[in-house]
Amino acid sequence: MWEYTDKVREHFLNPRNVGVVENADGVGEVGSLSCGDALKLTFKVDENERITDVKFQTFGCASAIASSSALTELLKGKTLEEAEKITNDDIVTYLGGLPKEKMHCSVMGQEALGKAIACYRGTPIEEKEGEIVCECFGVTDVEIRNALTAHPLNVVEDITNYIKAGGGCGKCHERIQELIDEVKGKDVPKEEKPQKLTTIQKIRMIEETLQREIQPSLKKDGGDIELVDVNGNQVQVRLRGACSTCKAAQITLKDFVEKKLREFVAAELIVEEV
Amino acid sequence: MNTIYFDNNATTRVAPEVVEEMLPCFTEDYGNPSSMYRFAKKAADRLALARQRIADLLGASPEEIIVTSCGTESDSTAIYAALRSNPSKKHIITSRVEHSAIKNLCEYLARKGYRSTFVPVDKKGMPDLDYLYDHLTDDTAIVSMMWANNETGVLFPVEEIAKNLKEKGIVFHTDAVQAVGKIPIDLKESSIDMLSLSGHKLHAPKGVGALYVRKGTKFSPFLIGGHQEANRRGGTENVASIVGMGKAAELAAAHIADENSRVRQLRDRLEKGLLKQIPDSLINGDPENRLPNTSNLSFEYIEGESILLMMDELGICASSGSACTSGSLEPSHVLRAMGVPYTAAHGSVRFSLSIYNTQEEVDYAVEKLPPIIQRLREMSPFWKQ
């Protein structure tokens, strides 16, 4: 069970300002059914651009509903200029905190607000900039970079908690890590979890390592090595030239080839001669 | 506020009769069953009786029962036993809807030099058996398919699968954690080689389970240590819990008719009542072919965690396959494998009943749930009515 604050619980059970403002001046919609949460924010402003009425509709978990409710309470009576300064952190503070896995609920609030204000001002909603990094939740590198700059996020899991990227199939974890390294500098502690390689990646890396680290030394002694197959973590190779008749070949295989492959590709690899 | 407990596939209330039989194991007959004196023999005798009762529930012999610490340990023991006793074979077949005890293990093994094949299921959650048989190879060490699905209650034809595999000489294991105690099982009449069960799903305490290993099945222990469990699982026996599981097995055998009549009727009453009153709601799984106690319903356009927390305010306990309840961002792998659309998967709720539930509880839920669903839908931007 999630550790929700009393305030989250209270706003979930008795959400404020549910519904749609009629003839709204600004409308902001984010999320979708498939993503698991969505928010539609509508507001009306007076002649001084002060928000006179604001309502929300939310599909999502308790913290998504509470975050939306909190957002509308924060917005009431504010000018658009003041409203623009509201961030997801303000929503979290208002609610007395959110579980870290639920931070994206507050981010959704901020995004909907941004869209609703853009809608009011007639600023064209820009097509998503940048390249899509997380295909499952449609998050771009630009969004990830922005999140990294604005919040104290250090590992892939933090990014997932904030903007969902990486929360689906996990294919993009490597790319997210690159973005983290890029924005935060290399000295940020990496996630301990070893990267999972696809078979293709593994084969490529093995080939590269053979070419770069292994073949030159073997060739010096008149030998060579050839990659036959990769089956899971079993790397099947064939020794050529002088190596194929060398008595020390098994030692070369284990102490040199396997060691290098484990160092550069994956620690679980087992090299065998076929 | 009374608690209405509709989450018996998560865990169950320990039966009072079970507790009663367990208590003397702590304070009176507390000897180590392996010790030499008559005082310890009392504990050993209690253990033997428990083993006999578990065997009786399954239609097995007591020597075929290895007691473990939980369903997950039973599953791991079974898979590793098959792999270690056939070291040249590197292939495992399982289904796409297994409990994480099997699913995550097979995914792990696939990263450690083994090959894992995950058999797909259809819309009702039934496995594609042609796919299974087509993927058998000389390299296949074990096939593991669950008996009853924990989320939908859907029953796999495991006896038929076991029979076909026996002809081909391939070891078959079933995770029957949800099935044992809810449907009749007679292993004498089947070809199943190994079967996992868990105590706390059948009104015994948490922290105790068992693995059935058919006589003659090649075995290799998972926990290596003392001579306990006939050298098949080291570690001093958790006597009180095992005695509890034995008593629970005896009670389950006596209650199985009740499970399949009264509990089934309660489940159907709950399900029909909710489906009738709540538009855009549907059953996940195969209504004809599932456990008598389980109902997995989807309420479209709303999200499961919200439903559960609103129900919690009324004291009603259930589960959901929505992403927000799983701690991840993806909804249940079981519902997704069945092709349940996201719109329905996020709003899924599992009700799982037991013999301790009453008609009053069911009627209370049928009365209280529709307004909750309606309230959440009125908040949802996707609800258009």
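Relevant structure appears above.
Everything numeric in this text was worked out from a predicted model, so none of it was measured.

A word on the packing of helix H2 (residues 38-58) of chain B against helix H8 (residues 239-277) of chain B
All names here are of chain B.
Argument step 1. Across the interface, H2 lies against H8 with an axial gap of 8 Å and an inter-helix angle of 35°. With respect to the hand of their crossing, H2 and H8 are arranged in left-handed fashion. Contacts between H2 and H8 involve Ala43, Arg46, Leu47, Ala50, Arg53, Ile54 and Leu57 on the former and, on the latter, Val239, Ile242, Val243, Met245, Gly246, Lys247, Ala249, Glu250, Ala252 and Ala253.
Argument step 2. In the contact of H2 with H8, the residues fall into 12 nonpolar, 1 polar and 4 charged.

Points about the sheet that holds strand S9 (residues 281-283) of chain B
Residues and elements named next belong to chain B.
Argument step 1. Pairing in this open sheet of 3 strands is antiparallel, and the strands run S9-S10-S12 from one edge to the other. Both outer strands of the open sheet, S9 and strand S12 (348-352), are each paired with one neighbouring strand and no more. The sheet shows a mean angle of 25° between the axes of neighbouring strands, taken without regard to direction.
Argument step 2. The pairing of S9 with strand S10 (residues 294-299) spans 3 bridges and is classified as antiparallel. Across the sheet, Ser281 pairs through a bridge with Phe299, a residue of S10.

Digging into empty space enclosed by the protein
Residues and elements named next belong to chain B.
Argument step 1. Counted under the stated rule, the structure contains 3 cavities of 30 Å³ or more.
Argument step 2. As for the largest cavity, its lining consists of 19 residues, and the residues nearest its centre are Gly181, Leu202, His203, Ala252 and Glu259.
Argument step 3. Residue classes in the lining of the largest cavity are distributed as 9 nonpolar, 7 polar and 3 charged.

Quick word on the environment of Ser306(B)
Argument step 1. Mapped onto the secondary structure, Ser306(B) falls in helix H9 (residues 304-313).
Argument step 2. Expressed as a C-alpha distance, the spacing of Ser306(B) and Gly321(B), which sit 15 residues apart in the sequence, is 12 Å.
Argument step 3. Excluding residues within four positions of it along the chain, Ser306(B) makes contact with Phe12(A), Gly60(A), Cys61(A), Ala62(A), Ile65(A) and Leu376(B).

Examining the environment of Cys35(A)
Argument step 1. In this structure, Cys35(A) sits in the loop between strand S1 (26-32) and strand S2 (37-45).
Argument step 2. A sequence separation of 89 residues divides Cys35(A) from Pro124(A), and the C-alpha atoms of the two residues are 24 Å apart.
Argument step 3. Not counting residues up to four positions away in its chain, the partners in contact with Cys35(A) are Phe137(A), Lys164(A) and His346(B).

Basis of the calculations
Residues numbered from 1 in each chain as written. Chains lettered and ligands numbered in written order. Predicted model: local features only at pLDDT ≥ 70, side-chain atom pairs only at ≥ 80, totals over all residues. Heavy atoms only, no water. Axes fitted to C-alpha atoms, helices over the stretch in contact; angles between N-to-C directions. Helix = DSSP H or I, 4+ residues; strand = E, 2+ residues; numbered from the N terminus. Left-handed = near helix turned anticlockwise from the far one by under 90°. Contact = heavy atoms within 4.5 Å. Nonpolar A, V, L, I, M, F, W, Y, C, P; charged D, E, K, R; others polar. Pairing = 2+ DSSP bridges. 1 Å grid on protein atoms, 1.4 Å probe; cavity = no way out; pocket = protein on both sides within 12 Å on 5 of 7 lines; lining within 4 Å. Points joined across faces, edges and corners; volume = space filled by probe spheres on them.

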